[in-house]
Amino acid sequence: MTLRDGTVLRAEVWRPDDDRPHPAILVRTPYVKETSAPSPILDCRLATERGYAVVLQDVRGRGSSEGAFEPFVNEERDGADSVAWAAAQPWCDGDVVMGGMSYVGATQWLAAAARPPALRAIAPTLSSDDFGEGWSFRSGVIEHGFLTTWSAGDLAPPGERWLDTPERAYHDLAGLAGIAPWTGDWLTEGAGSQYWRSRSVAPRRDAIDVPVLFTAGWYDVFLAGTLRGFERTHHPADRLIVGPWGHDSDLSNLVGEVNVGSAGAGEEWWFAAALDFFDAARAGRESALPRVRAYVLGARRWAELDAWPPPGATSLAVPLDPARVIVRPEDPVPSLGGRGLLIQVPGGGWGPRDQRPLLGRPDVALAGRVEWPRPVTLAGPVRARLRTAAEGPADWVVTLCMEAADGALHNLCEGIAPAPAGATDVTVELGDVCVEVAAGQPLVTLLAGSSFPRWPRPETAGEQQILAGSRLELTVADHL
């Protein structure tokens, strides 16, 4: 297809083997169209059996498409042109929907913001509508490991990517800017800057007038961005699915070091559910999917809810113990799983991982341990309210873990909050969880002064303390 500025984009088109027009699923990818399917979130065979054509398109400057690629910059205009092109083809009946995960979800949000008339619905999976906070930042702290390895391992031009040494990107920022020039701005512009606002859809969500199927994972780097996007929703047909997954196109129940239960695997049903959602949107009716479908970790089951957090959920405060850590910038705490993402790095940076190897370091402390005599279901946000003392500016990293029967401390959620010198009260947002804690099963809170390479290496050495009066705030839903 030819864009309005004359640039030619190329796509593969999969169609039902007949001469009738069909609705089209448009997938706009920077990752080379030939490798985009099949997958659990894009099964062209099932789509064509259900009467959909599938358009797998290389975005501008990627794969076999012409032009120069810069992440986020051209996707709104190019996406609108692509929707119009697909709708006008003789094999299309005029209806277009969009699907795909991660950056392919971003291309959906940006296309939808242009309000192309033929677009009927989008299904951004493991993605976000804000490419500042919730994508590139966590609580205003740069997602250093993700942005650097994503650029070095996926987004740089073929032949220039650091596929054998992606970890080089953590440190060689000048070299990284040489192959991925946008990283100079990504690593210096603040989360709320005009730079990120101009690229994001979140500040203009009122422009989105089609149903959205949100899909998130409890261990995905974009979880907070997805949940905030759903909070901004105003369309009654919008739906939210949150599975146990990391940033994983297989939607697997094998997450990090843990089998979270075969019921959590999404490969058998997710795409069929997305097609049902598309059918409903095209027909102008609401999907039969519940408003929210959330996987309950620990219980190995799904909950169907009217909202997130669950209606009737209450807050529970748990005291934290005084704790002290000694921060050494030359030897930061290594990131172990969680909601991180490292591209081309073994393990991917996500998922539950045993945090016990971190104990014994001077910059990691056990700050709390609690258990209940009956099962407790945590469903909603977790935050730490810290009373603090530090010798200078400090990063406060808090991780909530669930202790397994063998003593392993598997992380549930984590957060970071930077604070200036002299700060006495710091709030650390750990994000949302959905987990059933068995009777007598301990929850353990860890305090650290860094988590590298997920977040930047600390700049200041010294002692940090949390004092008496610090607490963990949990959200409890007894009837989930």
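Everything numeric in this text was worked out from a predicted model, so none of it was measured.

The rules we used
- Residues numbered from 1 in each chain as written.
- Predicted model: local features only at pLDDT ≥ 70, side-chain atom pairs only at ≥ 80, totals over all residues.
- Heavy atoms only, no water.
- Helix = DSSP H or I, 4+ residues; strand = E, 2+ residues; numbered from the N terminus.
- Rg over C-alpha atoms; globule rule 2.2 N^0.38 Å.
- Contact = heavy atoms within 4.5 Å.
- Areas by Shrake-Rupley, 256 points an atom, 1.4 Å probe, with all protein chains shown as cover.
- Lys, Arg positive; Asp, Glu negative; His and termini not counted.
- Charge placed at Lys NZ, Arg CZ, Asp CG, Glu CD.
- Buried < 20%, exposed > 50% of the residue type's maximum accessible area, 1.4 Å probe, protein only.
- Pairing = 2+ DSSP bridges.
- Phe/Tyr/Trp six-rings, centres within 6.5 Å; stacked < 30°, edge-to-face > 60°.
- Salt bridge = Lys/Arg side-chain N within 4 Å of Asp/Glu carboxyl O.
- 1 Å grid on protein atoms, 1.4 Å probe; cavity = no way out; pocket = protein on both sides within 12 Å on 5 of 7 lines; lining within 4 Å.
- Points joined across faces, edges and corners; volume = space filled by probe spheres on them.
- Axes fitted to C-alpha atoms, helices over the stretch in contact; angles between N-to-C directions.
- Parallel < 35°, antiparallel > 145°, perpendicular 65-115°, else oblique.
- Nonpolar A, V, L, I, M, F, W, Y, C, P; charged D, E, K, R; others polar.

Q: I would appreciate a short explanation of the overall build of the chain in the present structure.
A: Of regular secondary structure, the chain possesses 9 helices and 25 strands. On C-alpha atoms alone, the chain measures out to a radius of gyration of 22 Å, which is about the 23 Å that the 2.2 N^0.38 rule sets for 480 residues. By its C-alpha atoms, the chain is 70 × 50 × 35 Å across when sized along the principal axes. Considering only contacts in the chain between residues 6 or more positions apart, those separated by 24 or more positions represent 77%. Working note: accessible area of the chain is about 17,900 Å², and carbon and sulfur atoms make up 49% of it. Positive and negative charge centroids in the chain, built from 43 and 62 side chains respectively, lie 2 Å apart.

Q: Can you walk me through the pairing of strand S15 (residues 323-327) in this structure?
A: Looking along a regular strand, one sees the side chains alternate between the two faces of the sheet. Side chains of S15 alternate between two faces, with Ala 323, Val 325 and Val 327 buried and Arg 324 and Ile 326 left unburied. Where S15 and strand S24 (residues 462-466) come together, 5 bridges link them in antiparallel fashion. Across the sheet, residue Ala 323 finds its bridge partner in S24, namely Ile 466.

Q: Where do I start with the packing of aromatic side chains in this structure?
A: Pairs of aromatic rings are described using the distance from one ring centre to the other and the angle between the two planes. For the coordinates displayed, the defined rule picks out 29 aromatic pairs. Relative to Trp 196, the ring of Phe 137 has its centre 6.1 Å away and its plane inclined at 85°; by these criteria the two rings are edge-to-face. Note that Phe 137 is positioned in strand S6 (residues 137-138) and Trp 196 in helix H7 (residues 194-199), a separation of 59 residues in sequence. Classification of Trp 196 by relative accessible area gives buried; the value is 1%.

Q: Would you explain helix H3 (residues 103-113) in this entry?
A: The α-helix advances 3.6 residues per turn, and as a result positions three or four apart in sequence lie on the same side. For H3, the buried fraction is high: 11 of the 11 residues fall into the buried class. Looking only at H3, the buried set comprises Tyr 103, Val 104, Gly 105, Ala 106, Thr 107, Gln 108, Trp 109, Leu 110, Ala 111, Ala 112 and Ala 113. Where H3 ends, the next residue or the one after it, Arg 115, has phi of about 55°, a positive value.

Q: What's the story with unusual backbone geometry in this structure? I'm lost.
A: A negative phi holds for most residues other than glycine; trans holds for most peptide bonds. Between Ala 37 and Pro 38 the backbone carries a cis peptide bond, its omega angle lying at 0°. Checked against the element boundaries, Pro 38 lands in the loop between strand S2 (22-29) and helix H1 (44-49). Cis rather than trans, the peptide bond between Trp 308 and Pro 309 has omega equal to -5°. Along the chain, Pro 309 falls in the loop between strand S13 (301-305) and strand S14 (314-319). Of note in the backbone geometry, Val 32 takes a positive phi value of approximately 80° without being a glycine.

Q: Even after reading the chapter, I still don't get the pattern of salt bridges, so can you show me in this structure?
A: Side-chain pairing between opposite charges can occur once the charged atoms of the two side chains come close. Throughout the structure, instances matching the rule amount to 36 salt bridges. Of the charged contacts, one joins Arg 239 and Glu 286 as a salt bridge, the two residues approaching to 3.1 Å between their closest N and O atoms. Here Arg 239 is found in strand S9 (residues 239-243), whereas its partner Glu 286 is found in the loop between helix H9 (270-283) and strand S12 (292-296), with 47 residues between them in sequence. Relative accessible area serves as the criterion here: at 45%, Glu 286 is assigned to the partly exposed category. With its nearest N and O atoms 2.6 Å apart, the salt bridge here joins Arg 369 to Glu 403. Of this pair, Arg 369 sits in strand S18 (residues 364-370) while Glu 403 sits in strand S20 (residues 394-403), and the two are 34 residues apart along the sequence. Connected through salt bridges with shared partners, the residues Asp 5, Arg 60, Arg 77 and Asp 78 form a single ionic network.

Q: I'm lost on empty space enclosed by the protein in this one. Help?
A: A water-sized probe, rolled over the atoms, reveals where empty space remains. Evaluated as defined, the whole model comprises 6 cavities of 30 Å³ or more. Empty space within the largest cavity amounts to approximately 190 Å³. As for the largest cavity, its lining consists of 20 residues, of which Gln 355, Leu 358, Val 397, Thr 399 and Ser 451 are closest to the centre. Looking at the lining of the largest cavity, the elements that each hand over two or more residues are S20, strand S21 (409-419) and strand S23 (443-448). By residue number, the principal contributor to the lining of the largest cavity is S23, which donates 3 residues.

Q: What am I meant to see in the packing of helix H2 (residues 75-88) against H3 here?
A: If you want to describe how two helices pack, look at the angle between their axes and the distance between the axes. Close contact between H2 and H3 brings their axes to 7 Å; oriented N to C, the two are set at 75°. Classified by the angle their axes make, H2 and H3 are roughly perpendicular. Within the contact between the two elements, H2 uses Glu 75, Glu 76, Gly 79 and Ala 80 and H3 uses Tyr 103, Thr 107, Leu 110, Ala 111 and Ala 113. Of the residues assigned to the contact of H2 with H3, the class counts are 5 nonpolar, 2 polar and 2 charged.

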